[in-house]
Amino acid sequence: MTDAQETAADSSLRTTGGAPPADDGLAPEGLPIPLLEPRDGIPPVIADEESLATVVAAFAAGTGPVAVDAERASGYRYGQRAYLVQLRREGAGSALIDPVACPDLSGLGEAIGDTEWVLHAATQDLPCLREIGMIPSRIFDTELAGRLAGFPRVGLGAMVESVLGYVLEKGHSAVDWSTRPLPEPWLRYAALDVELLVDLRDALEKELDRQGKLEWAREEFDSIASAPPAPPRKDPWRRTSGMHKVRRRRQMAVVRELWTARDKVAQRRDVSPGKVLSDGAIVEAALALPPNVHALAALTGFGHRMGRRQLEQWQAAVDRAKALADSELPQPGQAVSGPPPPRSWADRDPAAAARLSAARAAVSAVAEQVNMPQENLITPDTVRRVCWEPPAQVDAESVSAALSAHGARQWQISLVTPALVAALA
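Rules and cut-offs
Residues numbered from 1 in each chain as written. Predicted model: local features only at pLDDT ≥ 70, side-chain atom pairs only at ≥ 80, totals over all residues. Heavy atoms only, no water. pLDDT = per-residue confidence, 0-100. Contact = heavy atoms within 4.5 Å. Helix = DSSP H or I, 4+ residues; strand = E, 2+ residues; numbered from the N terminus. Buried < 20%, exposed > 50% of the residue type's maximum accessible area, 1.4 Å probe, protein only. UniProt positions renumbered as here; feature names shortened; annotations may be inferred. Patch = residues over 30% accessible without salt bridge, like charges linked within 9 Å, V, L, I, M, F, W, Y side chains within 5 Å. Areas by Shrake-Rupley, 256 points an atom, 1.4 Å probe, with all protein chains shown as cover. Salt bridge = Lys/Arg side-chain N within 4 Å of Asp/Glu carboxyl O. Lys, Arg positive; Asp, Glu negative; His and termini not counted. Charge placed at Lys NZ, Arg CZ, Asp CG, Glu CD. Pairing = 2+ DSSP bridges. Domains from an automatic or database assignment. Buried area = accessible area lost by both parts, 1.4 Å probe. Nonpolar A, V, L, I, M, F, W, Y, C, P; charged D, E, K, R; others polar. Phe/Tyr/Trp six-rings, centres within 6.5 Å; stacked < 30°, edge-to-face > 60°. Lys NZ or Arg CZ within 6 Å of the ring centre and 35° of its normal.

1. Here's the deal with the confidence of the model for the protein
When pLDDT is low, close inspection of the predicted coordinates is not appropriate.
No. 1: For the protein, the average pLDDT comes to 92, and 92% of its residues sit at 70 or higher.
No. 2: In this model residues 1-28 is a low-confidence stretch, pLDDT under 50, and it forms 50 contacts with partners more than four residues away in sequence or in other chains.

Rendered as structure tokens:
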């Protein structure tokens, strides 16, 4: 039994509010317990400055790590803003905060800024938390901890079940969190998401320590917490689903014009771009190059439910692309830094292809040895870059320096360098 499983068996972590199926109040041995209610009940939603000040004071006076989560309205609203923030801390209890009514949470962020924040899949929530003034200095990512510890399933529900022995109801993960007022079942789900997060963190810390990986995890957490905001994506229209079908530059210009027009409408209406016009419809119009509104309306995605005015705005975008001079058309491929796609290596540089093949096998062996996914041991992009342009003199020092230059952490460099030196040689 691992330390994490021993922690799961510790009855002191069994919170109230579950619904054990057995008459004696205990779950049958080996069966997880459904967690149906937060131990302190569903907290009220904080939606005014006075209530927020009370929460800030409570969390500032609390002890230990702070469990933090955020709910977005992906697929419903434009952008990735937070529509609910959940927190829990020993001595403060749980809090549900409406960041629409309280858009500036910098005071709360400062009150707990020096405390370790416990998040699950931190890189998903940190951008929207940053937008409302919540920026941690230290984090513990339970999803990443699970990956490093070798757990096969690292979703929050799976981790809580396998480590702590509870079942979380996940039926509301994809709802429209911009809905107001938020239904009580959604609020219960949101509160339960932070209910056991610190317990999970403590159990995973013990397991990582048992495996000798705790310092590795801390390096990863520090890297995430100190990372600057991601820069805006260049030419985001190129990520339109189905873009691989679009070959001609004029057709690419149609995708760009339609994508840009759709984005403006979606931003103005604050709805998901896909609800304005689907990616499939954009690609259909690009391939067909319709000469008029009537031809556009016949295409998939521009059916009878779309009004004349809407059709005219999309046809205007198509016409703008058709009117561009050849010099204004987008280039076939997006300019990228770094090596070409690996599938072309064998023709362009057989020696580099051989290095990559050997390096992948070597990294796979190390990943299996330490029981974690290869991409967490070292990113595939880093391996490709080092193999495409290896150091002039291949040795441990030069390979370590190359890995460091590409952003690898020290624990990764220590593990991977010997294998890559052998592969590159």
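2. Focus on the side chain of Ser 272
No. 1: Note that Ser 272 resides in the loop between helix H10 (249-269) and helix H11 (273-276).
No. 2: Classification of Ser 272 as buried rests on a relative accessible area of 11%.
No. 3: Those residues within four positions of Ser 272 in sequence are excluded, and the remaining contacts are Gly 75, Tyr 76, Arg 77, Tyr 78 and Ala 266.

3. Some thoughts on the UniProt feature "domain: HRDC" (unreviewed entry) in the protein
No. 1: The UniProt feature table records "domain: HRDC" (unreviewed entry) at residues 248-328.
No. 2: In residues 248-328, the share of helix is 69% and the share of strand is 0%. The end C-alpha atoms are 13 Å apart.

4. A look at unusual backbone geometry
No. 1: Between Arg 180 and the following residue, Pro 181, the backbone shows a cis peptide bond with an omega angle of -5 degrees.
No. 2: Assignment of secondary structure puts Pro 181 in the loop between strand S8 (166-168) and helix H7 (184-195).
No. 3: Its identity is not glycine, yet Ala 121 carries a phi of approximately 60 degrees, on the positive side.
No. 4: Positionally, Ala 121 belongs in the loop between strand S6 (116-119) and helix H4 (122-131).
No. 5: On the accessibility criterion, Ala 121 (6% relative accessible area) is buried.
No. 6: With phi around 60 degrees, Asn 371 is a residue other than glycine that occupies positive phi space.
No. 7: Along the chain, Asn 371 turns up in the loop between helix H16 (350-370) and helix H17 (374-377).

5. Digging into a negative patch on the surface
No. 1: A surface patch of like charges, here negative, comprises Asp 48, Glu 49, Glu 50, Asp 104 and Glu 110.
No. 2: For Asp 48, the location among the structural elements is in the loop between strand S2 (45-46) and helix H2 (49-61).

6. A look at the sheet that holds S2
No. 1: Pairing is mixed in the open sheet, where six strands are placed in the order S2-S5-S4-S3-S6-S7. Each having just a single partner strand, S2 and strand S7 (138-141) make up the two edges of the open sheet.
No. 2: Bridging between strand S3 (residues 63-72) and S6 involves two bridges; their strand directions are parallel. Counterpart to Val 66 in the pairing with S6 is Trp 117.

7. Points about the domain arrangement of the protein
No. 1: Assigned domains within the protein: domain 1 (33-226), domain 2 (236-323) and domain 3 (342-424).
No. 2: The C-alpha centroid of domain 2 is placed 38 Å from the C-alpha centroid of domain 1.
No. 3: Facing the five residues of domain 1 at the interface are eight residues of domain 2.
No. 4: Roughly 580 Å² is buried in total at the junction of domain 1 and domain 2, and carbon and sulfur atoms are behind 48% of that figure.
No. 5: Ranking the residues of domain 1 by area buried against domain 2 places Tyr 76, Arg 77 and Tyr 78 at the top, with a combined share of 82%.
No. 6: Here domain 1 is connected to domain 2 by one salt bridge.
No. 7: Of the residues assigned to the side of domain 1 that touches domain 2, the class counts are three nonpolar, one polar and one charged.

8. Regarding the packing of aromatic side chains
Aromatic ring pairs are defined here through the distance separating the ring centres and the angle between the ring planes.
No. 1: Here the structure, examined in full by the defined rule, presents five aromatic pairs.
No. 2: A connected cluster of aromatic rings, assembled from ring pairs, spans Trp 177, Trp 186 and Tyr 189.
No. 3: When the ring centre of Tyr 83 is taken as reference, the NZ or CZ atom of Arg 81 above it lies at 5.0 Å.

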